[in-house]
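# Analysis of the macromolecular model
As a plain string of letters, each chain reads:
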Amino acid sequence: MHEIIWHGRGGQGVVVGAQILAEAAYLQGFKGVTSAPTFGPERRGAPLTASTRISDEPIRTFSQIEFADIAVVLDSSLLGVVDIQSSIKEGGIFIINTNLNPGQIKIKKGLKLACIDAAKIALKHRLVKEGAPIVNTPLLGAFARASNLISLTYLEQGLKWKLSPQVAAGNILALKEAYEQTIIIEN
Amino acid sequence: MDNVQIMTGNTAAAIAAKLCNIQVVAAYPITPQTSLTETLSQFIESGELKAEYVRVESEHSALTVCISASTVGARVFTSTSSHGLLYMHEQLHWAAGSRLPIVMCCVNRGVGAPWSIFNDQQDSVAQRDTGWIQIYCRDNQEILDSVIQAYRIAEEVYAPVMVCYDGFVLSHTMMPVSIPDQKAVNSFLPPYKPHTVLSVENPYNINPVIFPWLRENAEGIICDGYMEMRYKLQKALDCAREVIVATGKKYAKLTGRNYDEMLWRYKTDDAQIILTGMGSIAMEATAAVDQLRKDGVKAGVAGIRVFRPFPVNDVRKAFSKAQTIIVLEKDISYGYEGALCSDIKAALYGTGINVPVHNFIAGLGGRDVKVREIFEAVQQSLQEIAAGKESNKTIWLNCRK
Amino acid sequence: MKNRDKNISAMSTPAIAEGGKTGDWRDMRPVIDQKKCIPSIKGKAACYLCWLYCPEGVVKAAIPVKIDLDYCKGCGICAEECPAQAITMIKEVDDNG
């Protein structure tokens, strides 16, 4: 079973990102997928997480993820607020939306780091809501590249499932561009 | 063809209610139930579901509207959580006493004080003795399937059914759910035939004062006293066992999903240690069982699907070979133990099954119950029992004392 | 053996005597003086305030006005309301008798 935690702030599309990933995984043939928000009230701007579980067998575990195989960070300002790395399993993947060079980010030994300037890609493709770039889609592209778990084809279908055709078009371009631009460092 | 969609538990419940062609919805929003009634109101607004959505000012009124609508022959639906359910308490008795086949979803949430919006099952377990059939769901597929079966059960035995599922844990978690097509549901669920229909042409007084004694009416017919009425309700719930199993089997033919027992089993055939519980905690326990088995512990899960009527015979059968029983539950009968634990022990009384029972009180007010925690707690219980320590014990799981 | 009600929930139909004969609850009985009663004097439907006010519906709006003593509980409202003071409440049983 692959356990993925999404870190972001309320309103950034964390929950929807987790959902689209689950949908894409199911379409790709994984029998077990779940996606869940942090349980409780929804608060714009507050740090929050969402989770996606992906498995070959139907999932029977609905508790919160303790240690993730993959952590996706939508907002790099969270790195100073939440200790994300310690909740990633040994050998896990750490995917960050950042305009920093991967070399500038300190990470624990044994983790794989994937960096993508998701905000830049989102702005380029006008993925903007209430003035802020919506970075979940570019991060899905980075996820595909870094994890090799879900292919772009199914992520594209997942976007089409969740979004209206007009909105999906820009998102698909952003997905592909992010896939190409993701920089990966094995540590 | 299977139409599988990824959805939350609340969406699954709303889709199921729509497939059952409900005619009246009356509900009041409360976390974590809200998105269920929102989805239903969208179905009605868009015309996908031809039903009347009655907006009310409280849960008490919501159930009262359902009672009235059911009395004049409509198929009705409501849903609530926690304090909303407790506010309905009086009308829960009224619905059951009037023998109305109302179906309600209780999206399980802890009860204040202190305030909690998070999941446990204290709300519905506290309504155990209101005369409602109670079904607990382990995943979102079971939510959809249980709501559809609930109407058939309710309309056959003329008793209301509460479909309970864990707030947030299931209500807000998305997972694949297979949706049967409308034709299949129509063939499974015949139209609602009320046992009496209140109408202008045939006026009568429903639920007048009933005396302790029998009464001869104006036509010389002997009418029941209060005790006879209560006996009939008890008998209805007793008979419901057979109906629930028959309905489950019929549903299995339709969908291929098995509901032929009032409980479900996971690796119980050779199990010496049987874990039990209701809802998602029992599902979580199956993952703990996988780990226990890797450790050489022959464990299994018997998940209680129907809590009322209590599946006495199923429990006796499922636990007949158990050497240790672990009851996991998200409720507590203060001053004693978990309500399910008492029922299980009572069902086994006099059967010769006299084995250690450890009762885990877990996940109250949304405290996460992880597979690892269940696994470790079971290991510890087994060690204590092997060492000849307390064989009957209530353990507060993951709680600072 | 009398028939038993088959309803699974409690109900009663509107019928005379559904609650049993209530006339024996009465210790005062209304007696109408037809010489004062307005419909009797006029020989046509009139007044009928006793019929309107009777909480038990046991007054028959006829000429002459009749009260069903099988069900009249003897409350005296008809006597109180009668504008012609044609109704008198008298003791059912004479204590001296």
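Refer to the structure presented above.
Fair warning: this is a prediction, and the values are worked out from it, not measured in the lab.

## Quick look at the interface of chain A and chain B
Where the parts come together, the accessible area they lose is often given as the size of the interface. Contacts between the two partners involve 19 residues from chain A and, on the opposite side, 21 residues from chain B. Elements represented by at least two residues in the side of chain A that touches chain B include exactly α1 (14–28) and β2 (32–37) of chain A. It is β2 of chain A that provides the largest number of residues to the side of chain A that touches chain B, a total of 5 residues.

## Some thoughts on the interface of chain C and chain B
Across the boundary between the two partners, chain C contributes 16 residues, which contact 22 residues of chain B. Tallied by class, residues from the side of chain C that touches chain B come to 7 nonpolar, 5 polar and 4 charged. One ladder, built from 2 bridges, connects strand β9 (residues 205–206) of chain B with strand β1 (residues 11–12) of chain C; its direction is antiparallel. Counted as the bridge partner of Ile 206 of chain B is Met 11 of chain C from β1 of chain C.

## Regarding the environment of Ala 346 of chain B
Residue position: Ala 346 of chain B is located in helix α12 (residues 339–348). Considered as a pair, Ala 346 of chain B and Val 312 of chain B are 34 residues apart in the sequence and their alpha carbons are 8.9 Å apart.

## Side note on the sheet that holds strand β5 (residues 103–108) of chain B
All names here are of chain B. Here we have 7 strands laid out as an open sheet, ordered β3-β2-β4-β5-β7-β6-β15, and mixed in their pairing. Sheet topology places β3 (52–55) and β15 (306–308) at the edges, where each strand pairs with a single neighbour. Across the sheet, the mean angle from the axis of one strand to that of its neighbour is 20 degrees, orientation sign disregarded. Bridge analysis of β5 against strand β7 (residues 161–166) gives 6 bridges, and the strand direction is parallel.

## Here we look at helix α2 (residues 34–46) of chain B
All names here are of chain B. Here α2 is 13 residues long and its end C-alpha atoms lie 18 Å apart, about the 18 Å a rise of 1.5 Å per residue gives. For α2, every residue scored as buried is listed here: Leu 36, Thr 37, Thr 39, Leu 40 and Phe 43. The buried residues of α2 occupy one face: seen down the axis, they fall within an arc of 155 degrees. Of the exposed residues in α2, those oriented more than 90 degrees away from the buried face are Gln 42, Glu 45 and Ser 46.

Reading the values: rules and limits
Residues numbered from 1 in each chain as written. Chains lettered and ligands numbered in written order. Predicted model: local features only at pLDDT ≥ 70, side-chain atom pairs only at ≥ 80, totals over all residues. Contact = placed C-beta atoms within 7 Å. Helix = DSSP H or I, 4+ residues; strand = E, 2+ residues; numbered from the N terminus. Nonpolar A, V, L, I, M, F, W, Y, C, P; charged D, E, K, R; others polar. Pairing = 2+ DSSP bridges. Axes fitted to C-alpha atoms, helices over the stretch in contact; angles between N-to-C directions. Expected span 1.5 Å × (residues − 1). Buried ≥ 20, exposed ≤ 12 C-beta atoms within 10 Å, placed from the backbone. Arc of directions from axis to C-beta.

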